[in-house]
Amino acid sequence: MKTLLTAIVISCGALFPVHHAEAAPASKRFGGFASGQTFTLKIKSIISTRAEGIKIVKNAPIAKPIPNFKKGTKVKFTIGPKGQLKGPGFNITFIPSPATSAPNDYSNTSKDPFKLTSVGKVEKNSKLKPTRAILSFHINKLSGSTLSIHDVLYTLE
């Protein structure tokens, strides 16, 4: 009888933690990052170009709606509920990868050549902490019969 009572007590005790764990699931993870996670990186370099026909302008003014950051600015990132990379002026869709240790890729593209295209990559260390990011923005604009192509590349650490 004592053995049966001990078995029942142990069985009931084993059920409680399992039930408790199911009641509070862990947040969803995307490439090692948790939904709602935030981190900050600093703008280390900016490459901004504009092409009009065969003319290419380096260090071109950043065209709207491309986010306009200055070198040295700290950018706060948030991982969205679907894994998207969110920051001031952008929200880029997460592209799943089978390897958690690989950099996280993000991309927004459109069939409309006059919509903003955004691409991002976030590198992380062995503890899955973000260490570096690259953000690329591209938009085509038409003024009269002149097509201008605007590209901005931000490197953050």
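Scroll up for the structure.
Description of the structure in this document. As the structure is a computational prediction, the values presented were derived from the model and not from experiment.

Reading the values: the criteria
Sequence positions are assigned chain by chain, starting from 1 and proceeding in written order. In keeping with the predicted nature of the model, local features appear solely for residues at pLDDT of at least 70, side-chain atom pairs appear and are counted solely at 80 or more, and the whole-chain, interface and lining totals rest on all residues. With hydrogens and water stripped out, all remaining heavy atoms of the structure feed into the side-chain values. Helix numbers and strand numbers start at the N terminus; a helix is a DSSP run of H or I with at least 4 residues, a strand a run of E with at least 2. Residues count as neighbours in contact if any of their non-hydrogen atoms are within 4.5 Å of one another. Note on areas: these come from Shrake-Rupley sampling with a 1.4 Å probe, and a residue is covered only by the protein chains present in the view. When a carboxyl oxygen of Asp or Glu lies within 4 Å of a side-chain nitrogen of Lys or Arg, that pair is called a salt bridge. Buried, partly exposed and exposed residues are distinguished by accessible area as a fraction of the type maximum, computed with a 1.4 Å probe on protein chains only: under 20%, between the cut-offs, and over 50%, respectively. We call two N or O atoms a polar contact when they sit within 3.5 Å, provided that within protein one can donate a hydrogen and the other can accept it, with sequence-adjacent residues counted only if both atoms are side-chain atoms. In plain words, nonpolar cores are sets of buried Ala, Val, Leu, Ile, Met, Phe, Trp, Tyr and Cys residues tied together by side-chain atoms within 4.5 Å. Stacked, tilted and edge-to-face pairs are distinguished by plane angle, under 30 degrees for stacked and over 60 for edge-to-face with tilted covering the rest, among Phe, Tyr and Trp rings (Trp via its six-membered ring) whose centres lie within 6.5 Å. Only lysine NZ and arginine CZ atoms are considered, and such an atom sits over a ring when it is within 6 Å of the ring centre and within 35 degrees of the ring normal.

In this section: the overall build of the protein. Helix and strand content of the protein: one helix and twelve strands. Counting from the amino terminus, helix and strand elements in the protein follow one another as α-β-β-β-β-β-β-β-β-β-β-β-β. Taking all contacts inside the protein whose residues are at least 6 apart in sequence as the whole, residues at least 24 apart take part in 50%. Total accessible area on the protein stands at roughly 10,100 Å², and carbon and sulfur atoms take up 61% of it.

Quick look at the environment of K58 now. The residue K58 is located in strand β4 (residues 55-58) in this model. When neighbours within four sequence positions are excluded, K58 is seen to be in contact with S48 and T49.

Moving on to the pattern of salt bridges. When charged atoms on two side chains of opposite charge get close, those side chains can pair. Tallying each qualifying case throughout the model produces four salt bridges. With a closest N to O distance of 3.1 Å, R50 and E52 form a salt bridge. Measuring nitrogen to oxygen at the nearest pair gives 3.6 Å for the salt bridge that ties R132 to E123. Salt bridges here are not isolated pairs; linked through shared partners, they connect E123, R132 and E157.

Let's shift gears to the side chain of S48. With respect to the helices and strands, the residue S48 is situated in strand β3 (residues 38-52). S48 sits in the buried class, given a relative accessible area of 6%. A distance of 2.7 Å separates a polar atom in the side chain of S48 from the backbone oxygen of A60. Contacts of S48, omitting those with residues within four sequence positions, involve V57, K58, N59, A60, P61, I62, D151 and V152.

Moving on to the nonpolar core. One finds F77, L85, L135, Y154 and L156 to be the most contacted residues of the largest nonpolar core, which totals 24 residues. For this core, the element with the highest residue contribution is strand β11 (residues 130-143), accounting for four residues. Aside from chain neighbours lying at most four places away, what touches L156 is L41, K42, I43, K44, V75, F77, T131, R132, A133 and L135.

All right, on to the packing of aromatic side chains then. Per the stated rule, a full pass over the model turns up nine aromatic pairs. With 5.7 Å between their ring centres and 75° between their planes, F30 and F94 make a pair best called edge-to-face. Of this pair, F30 sits in strand β1 (residues 29-30) while F94 sits in strand β8 (residues 94-95), placing them 64 residues apart in sequence. Taking relative accessible area as the criterion, F30 reaches 9% and is therefore assigned buried. Given the relative accessible area of 12%, F94 is considered buried. Site record: aromatic cluster; members linked through ring pairs are F33, F39, F69, F77, F90, F137 and Y154. In this structure, K124 is placed above the aromatic ring of F33, and the distance from its NZ or CZ to the ring centre is 5.2 Å.

Attention now goes to the environment of N91. Relative to the elements of secondary structure, N91 occurs in strand β7 (residues 90-92). Taking C-alpha positions, N91 is 9.4 Å from I79, a pair spaced twelve residues apart along the chain. Those residues in contact with N91 that lie beyond four places of it in its chain are Q84, L85, K86 and N108.

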